[in-house]
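Understanding the architecture of this molecule
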Amino acid sequence: MSGQKTVTPSASSLAASVKAAKTRGMPPLEQWNPPFCGDIDMQIKRDGTWFYEGTPIGRIELVKLFASILWREDDKYFLVTPVEKVGITVEDAPFVAVDFTGSGTGVDQTLAFETNLGDTAIAGPDHPIRVVRDPETGEPAPYVLIRRNLEALIDRKSFYRLVDLGVHHEGWFGLWSGGAFFGIIPSNELPKDA
């Protein structure tokens, strides 16, 4: 042994590492290549609540700090600092789109989404909307890309409002935003009364 003490990553050590990096705006995660230090007991529930060791993280500033260092590789999620990379569990998507504003109509429509943590994204080619349907129930789960391949689950009330804005285009019922069309469901699968 070299006498160096191995530090087990924790929420406190992650927060301290990010604060020590002193970055303005979003940290440059793509420039950091720290070693993988294992998983920590941190989870993001489907409703957007962050938990550490089974307890909800109540400080929104701390949640936003952790969200700023969230990284996704394939279907795995990590918190990344200049010195450590730890795995966390994400139940569905790391964010929840809790509201949106729309302007324009048809091809000229723009939809701007806001997440539970105050992030915003304008749906379009760089921030696509996608809808996954449960194979058993057909229940839709709509998402919008927020940043760095991290998505937000669009909440139910917002999705219902989006459906009201939907139009038919090339055999699909869906939405326009930022000059792109996002299909929700094939037009022929819509209920007759819709």
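Quick note: structure is the one above.
Our subject in this report is the structure included herewith.

Definitions and cut-offs
- Residues numbered from 1 in each chain as written.
- Predicted model: local features only at pLDDT ≥ 70, side-chain atom pairs only at ≥ 80, totals over all residues.
- Heavy atoms only, no water.
- Helix = DSSP H or I, 4+ residues; strand = E, 2+ residues; numbered from the N terminus.
- Contact = heavy atoms within 4.5 Å.
- Areas by Shrake-Rupley, 256 points an atom, 1.4 Å probe, with all protein chains shown as cover.
- Pairing = 2+ DSSP bridges.
- Axes fitted to C-alpha atoms, helices over the stretch in contact; angles between N-to-C directions.
- Core = buried A, V, L, I, M, F, W, Y, C linked by side-chain atoms within 4.5 Å.
- Buried < 20%, exposed > 50% of the residue type's maximum accessible area, 1.4 Å probe, protein only.
- Salt bridge = Lys/Arg side-chain N within 4 Å of Asp/Glu carboxyl O.

The secondary structure content of the chain amounts to three helices and 15 strands. Contacts in the chain between residues at least 24 apart in sequence constitute 53% of all its contacts with a sequence separation of at least 6. Total accessible area computed for the chain in this model is approximately 11100 Å², and 51% of it derives from carbon and sulfur atoms.

Looking at the element boundaries, S177 is found in strand β14 (residues 172-177). Residue contacts for S177: discarding those within four places in its chain leaves Q109, T110, L111, A123, G124 and F182.

Taken in spatial order, the three strands of this open sheet run β13-β14-β15, and their pairing is antiparallel. Either end of the sheet is taken by a strand with one partner, and the two such strands are β13 (167-169) and β15 (180-186). Averaged over all pairs of adjacent strands, the angle between strand axes in this sheet comes to 50 degrees, irrespective of strand direction.

Among the nonpolar cores identified, the biggest contains 47 residues, and M42, W50, F66, L79, I88 and F113 are the most heavily contacted of them. Ranked by residues supplied to this core, first place goes to helix α2 (residues 60-68) with five residues. When near neighbours in sequence (up to four residues on either side) are disregarded, L79 contacts L14, M42, W50, F66, I69, L70, E84, K85, V86 and I88.

The tally for this structure, following the rule as stated, stands at eleven salt bridges. With its nearest N and O atoms 3.0 Å apart, the salt bridge here joins D75 to R72. R72 sits in the buried class, given a relative accessible area of 19%. A salt bridge links K85 to E73, with the shortest nitrogen-to-oxygen separation between them at 2.7 Å. Here E73 lies in strand β4 (residues 70-73) and K85 lies in strand β6 (residues 85-90), a separation of twelve residues in the sequence.

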